[in-house]
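Inside the fold
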Amino acid sequence: MQVFLNRLFRVERGEWPKLLQFGLFGLLLQTGMGIGFAAGDAAFLTHVGSDKLPVIFLLTPAVMIVYTAIFSYLMVRFSIDHVVDVTLAALIGGGAVLWGLIQIGLPEPFQTGLYYVLKLYLAMWYIALYSLFWNFTDAYFDIQDAKRLFPLFAAFCALGTTVGALIVSGLAAVIPMHGFLLVWAGVALATAPVAVMLRRRWQRISDSDTDLDGEDSGVVSQLVQVAKAFRGSGYAVALVATLFVTLLMTNLAEYQYSTVLQKGRSEADLAKLFGELYAGASVFNLVICLFVFNRLVTRIGVRNVALVLPLTYFAVFAYFFLAGGAPAALAAFFAYHGVLTSIEYNNQNLLFNATPSQVKRPFRTVVEGLAEPLASLLSGAFLLLAAKNADMRELSGIGLLLGAALIAVVMALRHLYPAAMEANMRRGWLNFGDPSLHAPAFDAEAEAALRGRLAGADSGAAAAARALLNPPSRQVSAREDAPDASDATEAFAARLDDPSPAARRSALQALTSLVGPGDIGLVEPLARILPAMDRESRGTILQLLGAIGDVEAIPQILTAAARLSPRELRAVEALLVGLGEAAIPRLMQALTSYQTPYRARAVAARALSTLSHAQFVSQLDKLVREELDETRRRLAVAARFDREAGRSAALGLLAEAYRQQIGESVDFTLELLALGGLLPDFDLLIVSLHSANPKVRGNAVETIASGVGHATWRRLDPLIRRSGETAPALGELAHLLKAAVAGGRGFEAAAAAQALREMVPPGELAAALRDGLRPGMAPIFRDSFASLLALDSGRPTVVDLVAAVRASPDLAAASIDAQVALAERATPEPPARRPVELRLAGRSFWLSRADVDEVAARYADLALSMLKARDDRSYAL
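Remember, predicted model here, so these are calculated numbers, not experimental data.

1. Describing the packing of aromatic side chains
One pass over the full model with this rule turns up 26 aromatic pairs. When the ring of F37 is compared with that of Y126, the centres are 5.2 Å apart and the planes differ by 55°; the resulting orientation is tilted. Taken as a pair, F37 in helix α2 (residues 16–47) and Y126 in helix α5 (residues 110–138) lie far apart in primary sequence, 89 residues in all. Overall, the relative accessible area of 23% leaves Y126 in the partly exposed class. Positioned above the aromatic ring of Y859 is the side chain of R599, whose terminal nitrogen or guanidinium carbon lies 4.6 Å from the ring centre. The ring centre of Y658 lies 4.5 Å from the NZ or CZ of R634, which sits over that ring.

The structure is reproduced here in structure tokens:
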């Protein structure tokens with residue numbers, strides 16, 4: 001039953017307690033609001049009349065200015081939690097005082113004035129309680145959870161309004177209208193312990209990673225930032241314009257339906273009618289919030305849902321213009337209290353997420369507390385001046401014009417939404433790609449000191465001074481074509497396989513002046529030793545490969561490049577682009593090969609996009625579709641291996657390798673989409689997607705969902721979330737392992753082979769592992785197969801070494817690729833200084849600190865793992 005409810009309402013496992021508790025909070029707030037509105041509207045229309053509604057529209061901004069000033073101060077100076085406490089206290093005290101004053105029966109005009117106060121009281125709390133609830137709730141959910149759960153909270157709120165309206169409708173003949181103010185105060189009193197429980201039970205989420213330390217800024221600085229948001233964010237201006245025009249149309253619709261519905265009805269009749277209408281609208285809202293809105297926003301996106309209300313209002317005013325009467329009034333009522341409440345308000349909660357994150361709550365408070373009442377002021381002034389001289393049809397014509405204007409504003413909002421989400425992701429991150437970070441500037445004294453070091457003997461200090469004075473960003477490389485020296489190059493090429501690193505470096509230095517386009521025989525040895533050399537030698541090898549310029553060497557270069565540092569990957573990309581359009585067929589081959597490492601495929605994608613963006617875009621849909629379909633199949637296999645992980649350590653590592661490969665596939669797909677122009681800056685997107693902060697990650701997911709087509713998002717969604725149940729792959733486990741041996745990459749094949757050794761008879765093992773032995777396999781994987789087949793029992797397998805690496809706290813959180821790179825460097829003898837011990841069964845292997853640092857320079861995840869192991873603060877990754 002719970003599984004059915006989870007699927008029906010799109011609730012994740014374990015979310016029901018949080019959902020129900022926040023839902024109860026919204027239900028109680030809106031129950032009071034429903035009681036107040038149903039009773040208060042009836043009392044006002046009976047004792048004052050609908051012709052005085054424009055006066056309320058005029059006075060509402062003055063009331064909201066006072067309220068917003070107090071609310072904004074409390075919000076910035078203290079917290080949303082304290083604002084909740086103050087609000088509930090104000091509801092209890094305000095309801096009791098207002099009831100007492102009306103109950104006394106003051107002489108006219110004071111008694112009529114109290115009904116004006118009552119209507120303004122309702123108008124203030126209508127805006128204030130809405131803003132309060134969603135500001136409070138937004139602090140506990142990211143945008144992806146909000147898209148699923150906020151409609152359910154809105155359903156609780158709609159249910160609360162229904163209950164409140166039915167209470168008034170059922171008791172209107174027994175309790176005087178102002179008596180319901182005491183009922184409302186009692187409901188507010190019952191809400192207070194629920195608010196306290198929520199604060200104690202659930203933890204708030206920071207809006208960005210820069211907020212993780214809980215730094216607070218002052219009231220003035222926050223308000224200044226709100227003003228800057230208006231000046232610097234086109235999206236913020238468009239959102240305010242949307243809300244402003246929406247409120248103009250809402251006030252006009254309220255005036256029209258109130259004028260029509262009050263004719264010929266007493267106070268009790270109006271109370272009963274409004275009770276029934278509010279109850280009916282709330283049932284409508286309940287259905288929309290529970291079953292429609294979250295599916296609608298998932299299917300067409302936040303941007304497109306924003307068009308629903310403008311089109312509805314346009315249709316309603318067209319109905320008033322063409323027909324008028326009670327049916328048009330009822331349509332206007334349901335557009336206001338139905339579509340506006342269940343769809344537009346829910347969507348506005350999501351639209352506010354794209355406003356500048358550092359001032360989102362005070363920004364929303366100012367907008368809802370001042371900009372919206374300003375619309376009431378303008379509409380009230382207009383109605384006071386024009387309503388007496390204009391009939392319903394003329395007012396409906398004005399509504400049609402406003403509807404057309406609202407549609408135009410929302411179209412602009414749709415256009416600005418993706419860029420606003422990208423800007424929110426960018427806030428709080430350092431731009432490590434800034435060229436100025438790579439080109440240090442020195443004053444005259446410092447530069448003289450560095451040049452003094454250059455004049456000394458050649459040493460490490462001299463090399464460092466040379467690098468600082470001439471960073472790569474300032475160097476201009478130029479190379480004259482070398483004369484044909486094939487005999488000499490062959491001689492030096494033979495020394496590239498020398499076991500001595502010094503001999504290899506010497507051969508590389510000699511080759512720099514000899515290698516030319518004809519030396520294709522050097523490609524294979526250069527690519528083979530590329531990952532194993534030091535940083536300077538790797539740079540030399542890339543220069544040599546560029547000088548040779550052999551497009552047929554691209555697969556070998558990319559295979560080696562997968563184990564280089566990020567900066568060197570960019571150098572490989574430049575090398576491939578330098579080969580020209582002749583490289584395009586080989587780059588396409590690498591892009592479509594699932595066996596090629598993702599780091600290498602990403603380099604190929606960037607190079608192809610640079611060489612021929614039109615050709616890249618023409619293949620983009622096919623590349624993305626095939627990649628995601630293949631990864632979806634691997635997700636089922638990973639779920640099966642994960643379920644069987646307890647059977648052996650090798651199976652557990654194999655399941656982890658599959659999970660990491662799925663993550664790499666998602667990152668690679670996103671990079672393809674970013675290169676194709678469908679998504680914003682890839683590096684920023686990936687950093688945000690892997691953030692530890694749920695709100696930052698949710699913003700990244702929302703950016704992806706709003707940027708790609710629905711078909712692509714349906715494939716991406718389960719791979720990004722991986723929070724639902726995935727059906728494990730069927731079939732014999734041994735058959736799945738054999739397929740992994742035959743079709744897996746290096747570590748996956750080795751791990752599957754080791755798991756098979758523990759499952760199949762010894763006589764069948766060689767046949768089971770035969771398909772895993774492929775030409776060009778890295779030595780560590782080839783040696784592991786030899787150990788499994790008992791051909792070499794002197795060294796542990798790569799699986800055993802990776803398991804030992806993962807047992808080290810500093811290295812445990814790194815990727816499998818980084819851990820394999822460490823395993824390659826493990827030695828049976830400890831280095832001289834501060835070695836890292838890898839404990840295996842019965843013996844130990846060792847890593848030098850220099851090797852660990854070298855691998856960390858190539859794999860950022862290893863560097864972050866080492867950092868986080870030494871620091872318990874919150875970080876982005």
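2. Some remarks on the packing of helix α36 (residues 849–858) against helix α37 (residues 860–869)
Taken N-terminus to C-terminus, the directions of α36 and α37 make an angle of 120°; their axes are 5 Å apart at the nearest point. It follows that α36 is oblique to α37 by the angle criterion. Taken together, the residues of α37 that come into contact with α36 (itself represented by V852, D853, V855, A856 and R858) are A860, L862, A863 and M866.

3. Quick word on the pattern of salt bridges
Using the criterion set out here, one finds 26 salt bridges in the structure. A salt bridge links R601 to E627; the shortest N-O distance between them is 2.9 Å. In this pair, R601 is assigned in helix α24 (residues 598–611) and E627 in helix α25 (residues 613–643), connecting sequence segments 26 residues apart. The two residues R601 and E627 agree in class, both being buried. Here E626 and K622 are joined by a salt bridge, their closest N and O atoms 3.1 Å apart.

4. Some words on a nonpolar patch on the surface
Side chains of V97, L101, I104, L106 and F110 sit close together on the surface and give an oily, nonpolar patch of about 480 Å² of accessible area. Looking at which element gives the most residues to the nonpolar patch, the answer is helix α4 (residues 80–104), with three residues. Locating L106 in the fold gives a position in the loop between α4 and α5.

5. Quick notes on the side chain of Q21
In this structure, Q21 sits in helix α2. There is a polar contact of 2.9 Å between the side chain of Q21 and the side chain of W202. Setting aside its immediate chain neighbours within four residues, Q21 contacts V194, M197, L198, R201 and W202.

6. Some points on the packing of α2 against helix α6 (residues 143–171)
Remark: α2 packs on α6, axes separated minimally by 6 Å, with the N-to-C direction vectors making an angle of 35°. Judged by the twist between their axes, the crossing of α2 over α6 is right-handed. Of the residues belonging to the contact of α2 with α6, the class tally is 18 nonpolar, eight polar and no charged.

7. Focus: the nonpolar core
By size, the foremost hydrophobic cluster in this structure holds 140 residues, and its most contacted members are F25, W125, F153, W184 and F363. By residue number, the principal contributor to this core is α5, which donates 17 residues. Residues L530, M533, L689 and I816 belong to the second largest nonpolar core, which totals 136 residues.

8. A few points about the pairing of strand β1 (residues 836–840)
Only one face of β1 is covered, namely the face carrying V836, L838 and L840; the face carrying E837 and R839 is uncovered. The antiparallel hairpin formed by β1 and strand β2 (residues 843–847) contains two residues in its connecting segment, where G842 sits at a positive phi of about 85°.

9. Some points on helix α7 (residues 180–201)
Think of an α-helix as turning once every 3.6 residues; residues three or four places apart then point the same way. Compared with an ideal rise of 1.5 Å per residue, which puts 22 residues at 32 Å, α7 spans 32 Å between its outermost C-alpha atoms and is within 8% of the ideal. Of all the residues in α7, the buried ones are F180, L181, W184, A185, V187, A188, T191, V194, A195 and L198. Its buried side turned inward, α7 meets α2, α4, α5 and α6.

Rules used in this analysis
Residues numbered from 1 in each chain as written. Predicted model: local features only at pLDDT ≥ 70, side-chain atom pairs only at ≥ 80, totals over all residues. Heavy atoms only, no water. Phe/Tyr/Trp six-rings, centres within 6.5 Å; stacked < 30°, edge-to-face > 60°. Helix = DSSP H or I, 4+ residues; strand = E, 2+ residues; numbered from the N terminus. Buried < 20%, exposed > 50% of the residue type's maximum accessible area, 1.4 Å probe, protein only. Lys NZ or Arg CZ within 6 Å of the ring centre and 35° of its normal. Axes fitted to C-alpha atoms, helices over the stretch in contact; angles between N-to-C directions. Parallel < 35°, antiparallel > 145°, perpendicular 65-115°, else oblique. Contact = heavy atoms within 4.5 Å. Salt bridge = Lys/Arg side-chain N within 4 Å of Asp/Glu carboxyl O. Patch = residues over 30% accessible without salt bridge, like charges linked within 9 Å, V, L, I, M, F, W, Y side chains within 5 Å. Areas by Shrake-Rupley, 256 points an atom, 1.4 Å probe, with all protein chains shown as cover. Polar contact = N/O pair within 3.5 Å; in protein donor to acceptor, adjacent residues only side chain to side chain. Left-handed = near helix turned anticlockwise from the far one by under 90°. Nonpolar A, V, L, I, M, F, W, Y, C, P; charged D, E, K, R; others polar. Core = buried A, V, L, I, M, F, W, Y, C linked by side-chain atoms within 4.5 Å. Pairing = 2+ DSSP bridges. Expected span 1.5 Å × (residues − 1).

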